[in-house]
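# What the coordinates show
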Amino acid sequence: STALDSVLRRVHDRALRITAAAQALRWMAILLAALLAVVGADAWLALPPAALVALDLLLLGLAAIPAAVVFLVRRRHPYQPEPIALLIHEQLALPPGRLINAVDFSLVAPPNASAALVEAAIRRGEDLAATIDPVRVVDATVLRRPARWAGSGALACLALALLVPSVFRAVGPRLFHPLSDLPP
């Protein structure tokens, strides 16, 4: 049914978006910490060009991970109505079986079941689906901690760039052109 399927798909999409965003934010925080470590290591140790190339590759790999995480989360969690109906049922403490029965009957009705019973169960599920808000089902508060970590990393980078701009001016070109043999 369209209303029921629409709600299930919206809940599924929201859950995937929140999961992917949380993972991407965690990896962005790691990337920012690694960037600060690389800048500090080069400023302190005057790394040779081979080490700069290796660290550039590491940073590029870390920068690609958030996009890969979003792709993998989408790929590993295909749309399946039954687990989503169960999630909705658990999160909203719905009356026993109303939504789950509607999903089950809308997918495959048992051959010996009464057509009127199947129709009534699907109709009750449709009516219930019309009242469900995906925002209430999937809580976005799980994004708070990863967002704080990523935001803290960004603020640390900005603060250090403002406090010691000469370090960033010296190390930045060395990281962008590691084989140019610029002075440390």
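So, here's what we can say about the structure. Since the model is a prediction, treat every value here as computed from it, not as a measurement.

## Overview of the overall build of the protein chain
A tally of regular secondary structure across the protein chain gives eight helices and zero strands. Starting at the N terminus, the α and β elements of the protein chain follow one another as α-α-α-α-α-α-α-α. Here the C-alpha radius of gyration of the protein chain, 25 Å, is well above what a compact globule of 184 residues would show, namely 16 Å. When its C-alpha atoms are laid out on the principal axes, the protein chain stretches across 80 × 30 × 20 Å. Taking contacts inside the protein chain between residues at least 6 apart in sequence as the whole, the part at least 24 apart equals 79%. By element, 67% of the accessible surface of the protein chain is carried by carbon and sulfur atoms, the whole surface being about 11,100 Å². Where the 17 positive side-chain charges of the protein chain centre and where its 13 negative ones centre are 5 Å apart.

## Overview of a nonpolar patch on the surface
On the surface, a nonpolar cluster with roughly 340 Å² of combined accessible area is contributed by Leu155, Leu158 and Leu162. Following the sequence through the fold, Leu158 ends up in helix 7 (residues 144-163). Owing to a relative accessible area of 48%, Leu158 belongs among the partly exposed residues under this scheme.

## Here we look at a positive patch on the surface
A cluster of basic side chains, namely Arg26, Arg144, Arg145 and Arg148, defines a positive patch on the protein surface. Considering every element that reaches the positive patch, the biggest residue donor is helix 7, with three residues.

## Details of helix 7
Between the first and last C-alpha of helix 7 there are 28 Å, a value that for 20 residues agrees with the 28 Å anticipated at 1.5 Å per step. Taken residue by residue, helix 7 has Pro146, Ala150, Gly153 and Cys157 as its buried positions. Projection of helix 7 onto a plane perpendicular to its axis shows the buried side chains occupying an angular sector of 55°, all on one side. Exposed and facing more than 90 degrees away from the buried side of helix 7 are Arg144, Arg145, Arg148, Leu155, Leu162 and Leu163. Its buried side turned inward, helix 7 meets helix 1 (2-45) and helix 8 (165-176).

Basis of the calculations
- In this convention, every chain numbers its residues from 1, walking through the sequence in written order.
- With pLDDT at 70 or above as the cut-off, local features in this predicted model cover only qualifying residues; side-chain atom pairs require 80 or more to be listed or tallied, and sums for whole chains, interfaces and linings still use all residues.
- Excluding hydrogens and water, the side-chain values take into account all heavy atoms of the structure.
- Secondary structure elements follow DSSP: runs of H or I no shorter than four residues count as helices, runs of E no shorter than two count as strands, and numbering proceeds from the N terminus.
- The globule rule is 2.2 Å times the number of residues to the power 0.38, and the radius of gyration it is compared with is taken over C-alpha atoms.
- We call two residues contacting when some pair of their heavy atoms lies within 4.5 Å.
- Computed with a 1.4 Å probe, the accessible areas rest on the Shrake-Rupley method; for each residue, only the protein chains presented here act as cover.
- All tallies of charge rest on Lys and Arg as positive and Asp and Glu as negative; His and the ends of each chain are not included.
- Where a charge lies is defined by one atom per residue type: Lys uses NZ, Arg uses CZ, Asp uses CG and Glu uses CD.
- A patch consists of residues exposed above 30% relative accessible area that lack any salt bridge, with like charges linked at up to 9 Å and nonpolar side chains (Val, Leu, Ile, Met, Phe, Trp, Tyr) linked at up to 5 Å.
- Salt bridges are counted wherever a side-chain nitrogen of Lys or Arg sits within 4 Å of a carboxyl oxygen of Asp or Glu.
- Buried, partly exposed and exposed residues are distinguished by accessible area as a fraction of the type maximum, computed with a 1.4 Å probe on protein chains only: under 20%, between the cut-offs, and over 50%, respectively.
- Here the expected span of a helix is defined as 1.5 Å times the quantity of residues minus one.
- The arc in question is traced by the directions running from the helix axis to the C-beta atoms.

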